[in-house]
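# Summary of the model geometry
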Amino acid sequence: MPTTPPPELAPYLTPDHHRLWHEADAFTAEYLAPRVRTMEAAPYKVERKAAQLMAERGWFGVTIPTQYGGMAAGHVAKTVLIHRTGVVSAAVAAILQASLIPNGAVQHWGTAEQKAQWLPQAAAGKVLLSIAVTEPKRGGHIGGIETTADRDGDGWVITGSKAHIGNSHLAGLHVVIARTAPPGVSASQALTAFLVEHDRKGLTVRPHRPGLGLHGFTVGRLDLDRVRIPAANVLGDVGQGLFVAQSASILYGRANLAAVSLGIHEALVEMTARWLSHRERYDGQLSDLPVLRDRLGGMQNRLQLARNAAYQAVHLLDLGVPCDAQLIGAKNAGHELAADSMRDAMELHSAYGLDGDYSLQRLYRDLPYGYAPAGTGEFQRIHLAKTALGEMDIEWSQRLAAELSWTSPDPTPA
Ligand SMILES: Cc1cc2nc3c(=O)[nH]c(=O)nc-3n(C[C@H](O)[C@H](O)[C@H](O)COP(=O)(O)OP(=O)(O)OC[C@H]3O[C@@H](n4cnc5c(N)ncnc54)[C@H](O)[C@@H]3O)c2cc1C
């Protein structure tokens, strides 16, 4: 059943956004809701059908310019699609969001030839992208990346491993960040981004292993054993890999993860309200008890705050206003607020919340997946502390507004 956007979103939503909201609700009701149970029961399976259905709707092209076949609908539109999908299936919302991050990297850093080759396929969802930064040993420490790319004639040879890569098993093209300078060179010059097609010799995607939650989504491992790629596959300039990863993560990743957490948050508040108002106690329902209303009121309050933070940040991005701190804050607060509400939801459902066939335990397992990607909570707060201290260097949102193409941007602070 399509829902009506809540009043606090009125400043951010145009008629086109309303149309997408209803399109997403209709999609989740018709196609996703019936699939969720099957996806949950088959955690070892990669969900391809939902990706195909979203591709048919053009959703992977939501932020891609129309000249490449995208919708050019902007960041609020993207948030609508991820958020509304996430209310029904966080795993499917994760599939959508994970490919929109590298799509942004190619859009902003690609050469004219790279964009002409890949963006139409990405917009149509014929080729899904992944972005591969994290490594098994180095985790989120991008400066410690051990994957190397060495020059080989007029091309490059890449060797190393990447871990926890979103859409690892669906992606036809991976944006791989590798070290192209010797140890000791600063990360802002030592890394380079490469476009690596999934069928390049030497690239292996390890078999999908079921995780705690997000069943159907994959966060797998890529092993690159002397993978040769042509020089034309360098994304951005040699030495700009940190900026490719950082800009994609801040402009796309933070907001995308805020939208996934928001979807889960909304679902668990709805579920808890329904539970309290249907569970009989004394002469009425649990929702009649003031102490329980107090907790539900707190959940609703946190949901409103998370929703406003998520939409305000992307609205500012669409307006061209510098908003890196708002994007980062939306991701951090969105996860924290939802985690607080999750505790209330679990306790208010009491024993029923633990039942294997009850949807709340799916949300409980899915929610933690919003913490690590696009920077853990610690890293969001490190960035936010820099904002408080006036130490932020590059404002990626400002660059987004200032430049249509970053093929050779100057990444030094203005
Ligand atoms: C659902 C999901 C999707 C993901 N998608 C992708 C993807 O598409 N591409 C990709 O490259 N990666 C992806 N990741 C990986 C994600 O980016 C990493 O998990 C994250 O960067 C943290 O790395 P780690 O888990 O190895 O933890 P570690 O880096 O080992 O950190 C462990 C803990 O120590 C803290 N910590 C580490 N260093 C510091 C420090 N200097 N100061 C303060 N605290 C610190 C961290 O915050 C964390 O709490 C995904 C992860 C998940 C769960």
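This next bit is on the site of the ligand. The ligand sits among 17 residues. The nearest are I131, T134, H164, T376 and E378. In the model, a nitrogen atom of the ligand is placed 2.7 Å from a nitrogen or oxygen of the I131 main chain. At 2.5 Å, a side-chain N or O of T376 approaches an oxygen atom of the ligand. Relative to its free-state accessible area of 970 Å², the ligand is covered by the protein chains to the extent of 63%.

A word on helix α9 (residues 324–349). If you check α9, its first and last C-alpha atoms are 37 Å apart, about what 26 residues at 1.5 Å a residue would give, namely 38 Å. Extensive coverage of α9 is indicated by the burial of 19 of its 26 residues. Looking at the residues trailing α9, positive phi occurs at S350, about 50°.

What follows covers the pattern of salt bridges. One pass over the full model with this rule turns up 20 salt bridges. We note a salt bridge from K137 to E146, for which the minimum N-O separation is 4.0 Å. Where E347 meets R343, a salt bridge forms, and the shortest distance between an N and an O atom there is 2.9 Å. Remark: R343 and E347 occur in helix α9; sequence separation between them is 4 residues, near one turn of the helix. One network of salt bridges, with partners in common, ties together E8, D25, R84, E266 and R307.

In terms of domains, the chain is made up of domain 1 (7–127), domain 2 (130–239) and domain 3 (243–402). For domain 2 and domain 3, the distance between their C-alpha centroids amounts to 29 Å. Taken residue by residue, the interface counts 12 residues in domain 2 and 8 residues in domain 3. Approximately 870 Å² of surface area, both sides summed, lies buried where domain 2 meets domain 3, with 76% of it carried by carbon and sulfur atoms. Its largest share of buried area at the contact with domain 3, domain 2 owes to L212, G213 and L214, together 48% of the area lost on that side.

The subject of this paragraph is the packing of helix α4 (residues 90–109) against helix α7 (residues 241–278). Orientation of α4 relative to α7, taken along the N-to-C sense of each, is 160°, at an axis distance of 9 Å. With respect to their mutual orientation, α4 and α7 come out roughly antiparallel. Like other packed secondary-structure pairs, α4 and α7 cross with a definite hand, here right-handed. Contacts between α4 and α7 involve A90, A93, Q97, L100, I101, G104, A105, Q107, H108 and W109 from the first element and F243, V244, S247, A248, S249, Y252, G253, N256, L257, V260 and I264 from the second. Residues that form the contact of α4 with α7 fall into these classes: 13 nonpolar, 8 polar and no charged.

Our focus in this paragraph is the nonpolar core. One finds L235, L268, Y311 and L327 to be the most contacted residues of the largest nonpolar core, which totals 106 residues. With 20 residues, α7 is the single largest residue contributor to this core. If we skip the residues at most four places from it in the chain, L327 touches I250, L251, R254, A255, A313, V314 and L317. Within the second largest apolar cluster, 15 residues are counted, among which are A132, A178, L203 and L224.

Attention now goes to the confidence of the model for the chain. The pLDDT averaged across the chain works out to 94; a share of 97% of its residues lies at or above 70. Taken together, the stretch residues 405–414 has pLDDT below 50 and engages in 27 contacts with residues farther than four places along the chain or on a different chain.

Mapped onto the secondary structure, I229 falls in strand β7 (residues 219–230). On the basis of relative accessibility, which here comes to 4%, the residue I229 falls in the buried class. As a C-alpha pair, I229 and K126 span 103 residues in sequence and 21 Å in three-dimensional space. Leaving out residues up to four positions away in the same chain, I229 has contacts with G155, W156, I158, F194, L195, V196 and R200.

Burial analysis of strand β5 (residues 191–197) places 7 of its 7 residues in the buried class, which makes it a mostly covered element. Residue alternation in β5 divides its side chains into two sets, L191, A193, L195 and E197 and T192, F194 and V196, and both sets are buried. Note that strand β4 (residues 171–179) and β5 share 7 bridges and pair antiparallel. Each residue of the ladder has a partner; that of A178, found in β5, is T192.

Procedures and definitions
- Residues numbered from 1 in each chain as written.
- Predicted model: local features only at pLDDT ≥ 70, side-chain atom pairs only at ≥ 80, totals over all residues.
- Heavy atoms only, no water.
- Near = heavy atom within 4 Å.
- Polar contact = N/O pair within 3.5 Å; in protein donor to acceptor, adjacent residues only side chain to side chain.
- Areas by Shrake-Rupley, 256 points an atom, 1.4 Å probe, with all protein chains shown as cover.
- Helix = DSSP H or I, 4+ residues; strand = E, 2+ residues; numbered from the N terminus.
- Expected span 1.5 Å × (residues − 1).
- Buried < 20%, exposed > 50% of the residue type's maximum accessible area, 1.4 Å probe, protein only.
- Salt bridge = Lys/Arg side-chain N within 4 Å of Asp/Glu carboxyl O.
- Domains from an automatic or database assignment.
- Contact = heavy atoms within 4.5 Å.
- Buried area = accessible area lost by both parts, 1.4 Å probe.
- Axes fitted to C-alpha atoms, helices over the stretch in contact; angles between N-to-C directions.
- Parallel < 35°, antiparallel > 145°, perpendicular 65-115°, else oblique.
- Left-handed = near helix turned anticlockwise from the far one by under 90°.
- Nonpolar A, V, L, I, M, F, W, Y, C, P; charged D, E, K, R; others polar.
- Core = buried A, V, L, I, M, F, W, Y, C linked by side-chain atoms within 4.5 Å.
- pLDDT = per-residue confidence, 0-100.
- Pairing = 2+ DSSP bridges.

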